[in-house]
Amino acid sequence: MTDPTRAAAFDLLSAVLDRHRPLEEALVALPPMEARDRAAGHRLAASVLRRMGSLDAALEPYLKKSPPIPVRHVLRIGAAGLLLLGTPAHAAVATAVALARTRGLVPFAGLVNAVLRRLAEAGPALLETLDGPRLDTPAWLWTAWGPQARAIAESHQHEAPLDLTVRPGAEPPPGGEALPTGSWRFAPGTRVMELAGYDQGAFWVQDAAAALPALLLRVQAGELVADLCAAPGGKAAQLAAAGARLVAVERDPARMQRLRDNFTRLRLEVEAVTADAAEFQPAAPLDAVLLDAPCSATGTIRRHPDVPYLKRPRDIAALAEQQDRLLDAACAMLRPGGRLVYAVCSLQPEEGPARIAAALSRLPLRRDPVRPEELPELAEALTPAGEVRTTPALWVALGGMDGFFISRLVRT
Ligand SMILES: C[S@@+](CC[C@H](N)C(=O)[O-])C[C@H]1O[C@@H](n2cnc3c(N)ncnc32)[C@H](O)[C@@H]1O
């Protein structure tokens, strides 16, 4: 009998690496099991994905020829236990062998046993000699990130902390650290639903960088505002809490339901419209629009270590087309003088500065540069054009932040 944690990790890795399914979707599709086993399986699969290049390089000397893909997954799970998670050697080896047996890989059980035993002896020292950041980053991303690639990739080696946005006037839960931009930070692995105030809607989960776009929209109470790609609703919640008369537009009905549930817990008001934002027409011209566009999400690899294995270079061009289409629609919804904040959680320049440069050349928009005093403690994130570029390599001593590109514009 294999243990449920390893079985879950194996299923998750197969879903991400073989069928290119997002890790979170694969998590939902797991067979029924104890929540504790599911969480442990998730953590194990995420550890493999985060350090997969290093784990493969550590296994390589012990493999005479490349094993079948499912066997490789079993070896990676065993290696992650041995080298990353501090699993005792006998347990890591025995559970991997049992996993191989129950997954129809009986002929490879001996190989798994022999390779992992040898890795247990020499692997920890070998891991120290490897260039983890480079090995764990696909070449196309490393190249695209330019001189910052190493610092960004180093930050991906660790689990991200849990960040919360606390509702204005509410008490932050105990045990957190206040960040300079107003978010509250808790240790990686903190369970949000167990924090005091969750049921009362005192806060919501939102990375410190993800809280910036809505802040920079500078919404006044009573303004007519649309959030065009709204679910699950972190930025929409900020806008509603600031007193906007808010329309949240979201194309995916299941994700819109998550937004509704979140707003119910937070006791915030919103008009929720399930539609393609490019087709949406507001009843009246808007004072402000937030466009948190669909993107490659390469700025969130710390939280979603599956992203490097799901995205391909060609996806970026397709996303840029969607982003342009949404920028056109967003601009058309604004009254003259109305504000637009464009944001993507991507580190790829084609989805950030290039989209704004293209929009400025075809739409009646001008930049409204973000001023340094708007982002004290984040001067490094301000570009000469007054746009914001955060990366996971910022605020390293505090635990980093997601990678976002943010531009503020005004309809002329
Ligand atoms: C980056 S996420 C938004 C996160 C959200 N703003 C938040 O802070 O919680 C992008 C969202 O846009 C939605 N989306 C993608 N294309 C869309 C479109 N054409 N119209 C409306 N929503 C769209 C996706 O389903 C996804 O929920």
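Residues numbered from 1 in each chain as written. Predicted model: local features only at pLDDT ≥ 70, side-chain atom pairs only at ≥ 80, totals over all residues.

Draft legend 1. Expanded view of the site of the ligand. Lining the immediate surroundings of the ligand are 17 residues, of which C229, K235, R251, A277 and D292 lie closest. The set of elements that each furnish at least two residues to the shell around the ligand consists of α12 (234-241) and β6 (245-250). Looking at the shell around the ligand residue by residue, the classes come out as 8 nonpolar, 2 polar and 7 charged. (Near = placed C-beta within 6 Å. Helix = DSSP H or I, 4+ residues; strand = E, 2+ residues; numbered from the N terminus. Nonpolar A, V, L, I, M, F, W, Y, C, P; charged D, E, K, R; others polar.)

Draft legend 2. Seen up close, the domain arrangement of the protein. Split by domain assignment, the protein resolves into domain 1 (4-130) and domain 2 (163-411). Put simply, the middle of domain 1 and the middle of domain 2, counted by C-alpha atoms, are 35 Å apart. The partner domain 2 presents 5 residues to the 8 residues of domain 1 that form the contact. Among the secondary structure elements, those contributing two or more residues to the side of domain 1 that touches domain 2 are α1 (4-18) and α3 (35-50). The element best represented in the side of domain 1 that touches domain 2 is α3, accounting for 3 residues. Taken together, the residues that form the side of domain 1 that touches domain 2 break down as 6 nonpolar, 1 polar and 1 charged. (Domains from an automatic or database assignment. Contact = placed C-beta atoms within 7 Å.)

Draft legend 3. Structural view of the UniProt feature "binding site: S-adenosyl-L-methionine" (unreviewed entry) in the protein. In the UniProt entry, the feature "binding site: S-adenosyl-L-methionine" (unreviewed entry) is given for C229, A230, A231, P232, G233, G234, K235, E250, D276 and D292. Here G233 lies in the loop between β5 (224-227) and α12. Judged by local crowding, G233 falls into the buried class, with 27 C-beta atoms found within 10 Å. Among residues more than four places away in sequence, those in contact with G233 are A248, L259, N262 and F263. Its location among the elements puts G234 in helix α12. Aside from chain neighbours lying at most four places away, what touches G234 is T165, W204, Q206 and A210. (UniProt positions renumbered as here; feature names shortened; annotations may be inferred. Buried ≥ 20, exposed ≤ 12 C-beta atoms within 10 Å, placed from the backbone.)

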